[in-house]
Amino acid sequence: MKGQGQKKKSASEEDSLGTECRAEFIFYARKRTSKLRSVEVLGDYACDFRRPDWAHRWTDWNFGQNPYLNLFLCAKHARELGLM
(Lines give C-alpha, C1' and ligand atoms only; values in the text may rest on other atoms or scores of the structure.)
Protein backbone atom coordinates (compact mmCIF):
# COMPACT_ATOMS: atom_id res chain seq x y z
CA MET A 1 0.00 0.00 0.00
CA LYS A 2 2.76 2.43 0.88
CA GLY A 3 4.37 1.83 -2.52
CA GLN A 4 1.14 2.80 -4.32
CA GLY A 5 0.96 6.08 -2.40
CA GLN A 6 4.53 6.87 -3.36
CA LYS A 7 3.75 6.21 -7.02
CA LYS A 8 0.80 8.61 -6.90
CA LYS A 9 2.96 11.24 -5.24
CA SER A 10 5.65 11.00 -7.91
CA ALA A 11 2.99 11.32 -10.63
CA SER A 12 1.65 14.49 -9.02
CA GLU A 13 5.20 15.81 -8.68
CA GLU A 14 5.65 15.32 -12.41
CA ASP A 15 2.51 17.41 -12.99
CA SER A 16 4.00 20.26 -10.95
CA LEU A 17 7.27 20.08 -12.87
CA GLY A 18 6.52 23.44 -14.47
CA THR A 19 6.82 25.30 -11.16
CA GLU A 20 9.26 23.14 -9.19
CA CYS A 21 11.63 21.45 -11.62
CA ARG A 22 14.90 20.18 -10.17
CA ALA A 23 18.37 20.42 -11.69
CA GLU A 24 19.61 17.20 -13.25
CA PHE A 25 22.75 18.49 -14.98
CA ILE A 26 25.49 21.05 -14.37
CA PHE A 27 26.78 22.90 -17.42
CA TYR A 28 30.21 24.33 -16.66
CA ALA A 29 31.23 27.87 -17.62
CA ARG A 30 32.13 28.06 -21.29
CA LYS A 31 35.54 29.66 -20.80
CA ARG A 32 36.77 26.81 -18.59
CA THR A 33 36.57 24.28 -21.41
CA SER A 34 36.52 24.61 -25.16
CA LYS A 35 33.90 21.88 -25.49
CA LEU A 36 30.40 22.08 -23.98
CA ARG A 37 29.90 19.29 -21.49
CA SER A 38 27.64 18.52 -18.59
CA VAL A 39 27.69 16.28 -15.56
CA GLU A 40 24.83 14.82 -13.58
CA VAL A 41 23.84 16.59 -10.38
CA LEU A 42 24.27 14.46 -7.27
CA GLY A 43 22.42 16.79 -4.89
CA ASP A 44 18.99 18.35 -4.74
CA TYR A 45 19.11 21.76 -6.48
CA ALA A 46 16.48 23.91 -8.15
CA CYS A 47 16.66 24.41 -11.90
CA ASP A 48 18.28 27.79 -12.68
CA PHE A 49 15.66 28.41 -15.37
CA ARG A 50 13.17 29.19 -12.57
CA ARG A 51 15.37 31.85 -10.93
CA PRO A 52 14.18 35.46 -11.12
CA ASP A 53 17.55 36.50 -12.60
CA TRP A 54 17.52 33.75 -15.24
CA ALA A 55 17.82 36.04 -18.29
CA HIS A 56 20.92 37.70 -16.86
CA ARG A 57 22.48 34.34 -15.84
CA TRP A 58 21.84 32.88 -19.30
CA THR A 59 23.41 35.89 -21.05
CA ASP A 60 26.48 35.79 -18.78
CA TRP A 61 26.91 32.04 -19.27
CA ASN A 62 26.13 31.92 -23.00
CA PHE A 63 28.61 34.66 -23.89
CA GLY A 64 31.26 33.54 -21.40
CA GLN A 65 31.09 36.81 -19.47
CA ASN A 66 31.44 35.09 -16.08
CA PRO A 67 34.07 32.32 -16.05
CA TYR A 68 32.82 31.06 -12.67
CA LEU A 69 29.12 30.70 -13.53
CA ASN A 70 27.83 27.14 -13.93
CA LEU A 71 24.23 26.42 -14.91
CA PHE A 72 22.11 23.91 -13.01
CA LEU A 73 19.32 22.76 -15.34
CA CYS A 74 16.72 20.04 -15.64
CA ALA A 75 16.80 17.92 -18.80
CA LYS A 76 13.68 19.60 -20.24
CA HIS A 77 15.11 23.12 -20.07
CA ALA A 78 18.56 21.99 -21.23
CA ARG A 79 16.95 20.48 -24.34
CA GLU A 80 14.88 23.64 -24.95
CA LEU A 81 18.07 25.72 -24.82
CA GLY A 82 19.86 23.36 -27.24
CA LEU A 83 22.42 22.18 -24.70
CA MET A 84 21.53 18.50 -25.03
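Described below are features of the structure shown in this document. Owing to the predicted nature of the structure, the values given are computational and were not obtained by experimental measurement.

Calculation rules
- Residues numbered from 1 in each chain as written.
- Predicted model: local features only at pLDDT ≥ 70, side-chain atom pairs only at ≥ 80, totals over all residues.
- Heavy atoms only, no water.
- Pairing = 2+ DSSP bridges.
- Helix = DSSP H or I, 4+ residues; strand = E, 2+ residues; numbered from the N terminus.
- Axes fitted to C-alpha atoms, helices over the stretch in contact; angles between N-to-C directions.
- Contact = heavy atoms within 4.5 Å.
- Salt bridge = Lys/Arg side-chain N within 4 Å of Asp/Glu carboxyl O.
- Buried < 20%, exposed > 50% of the residue type's maximum accessible area, 1.4 Å probe, protein only.
- Phe/Tyr/Trp six-rings, centres within 6.5 Å; stacked < 30°, edge-to-face > 60°.
- Disulfide = S-S within 2.5 Å.

With respect to the sheet that holds strand β2 (residues 38-40)
Reading across from one edge, β2-β1-β3 is the order of the three strands in this open sheet, with antiparallel pairing throughout. In this open sheet, the two edge strands, each paired with only one partner strand, are β2 and β3 (71-73). On average, adjacent strands in this sheet sit at an angle of 25° to one another, irrespective of strand direction. Note: strand β1 (residues 25-27) against β3, three bridges, orientation antiparallel. Its bridge partner lying in β3, phenylalanine 25 is registered against leucine 73. Relative to the sheet, helix α3 (residues 54-62) contacts β1 and β3, its axis offset from that of β3 by approximately 120°.

Overview of the pattern of salt bridges
Taken as a whole and judged by the stated rule, the model has four salt bridges. Note that aspartate 44 is salt-bridged to arginine 22, the shortest N-O span being 3.1 Å. With a gap of 22 residues between them, aspartate 44 in the loop between β2 and α3 and arginine 22 in the loop between α2 (17-20) and β1 connect regions that are remote in the sequence. Between arginine 57 and aspartate 48 there is a salt bridge; the shortest N-O distance is 3.2 Å. Take arginine 57: its relative accessible area is 14%, and that puts it in the buried class. For aspartate 48, a relative accessible area of 5% translates into the label buried.

Topic: the packing of aromatic side chains
Under the criterion given, the structure shown has four aromatic pairs. With 5.6 Å between their ring centres and 25° between their planes, tryptophan 58 and tryptophan 61 make a pair best called stacked. Note that tryptophan 58 and tryptophan 61 are positioned in helix α3 at a spacing of three residues, about one turn of the helix. For the residue pair tryptophan 58 and tryptophan 61, the accessibility class agrees, reading buried in each case. Grouping aromatic residues by their ring pairs yields a cluster made of Phe49, Trp54, Trp58 and Trp61.

Digging into the state of the cysteines
Using the criterion set out here, one finds zero disulfides in the structure. Free of any disulfide, cysteine 21 has its nearest cysteine sulfur in cysteine 47, 3.8 Å distant. A relative accessible area of 2% means that cysteine 21 is categorised as buried. With no disulfide of its own, cysteine 74 lies closest to cysteine 47 among cysteine sulfurs, the gap being 3.9 Å. On the basis of relative accessible area, cysteine 74 is assigned to the buried category, the value being 2%.

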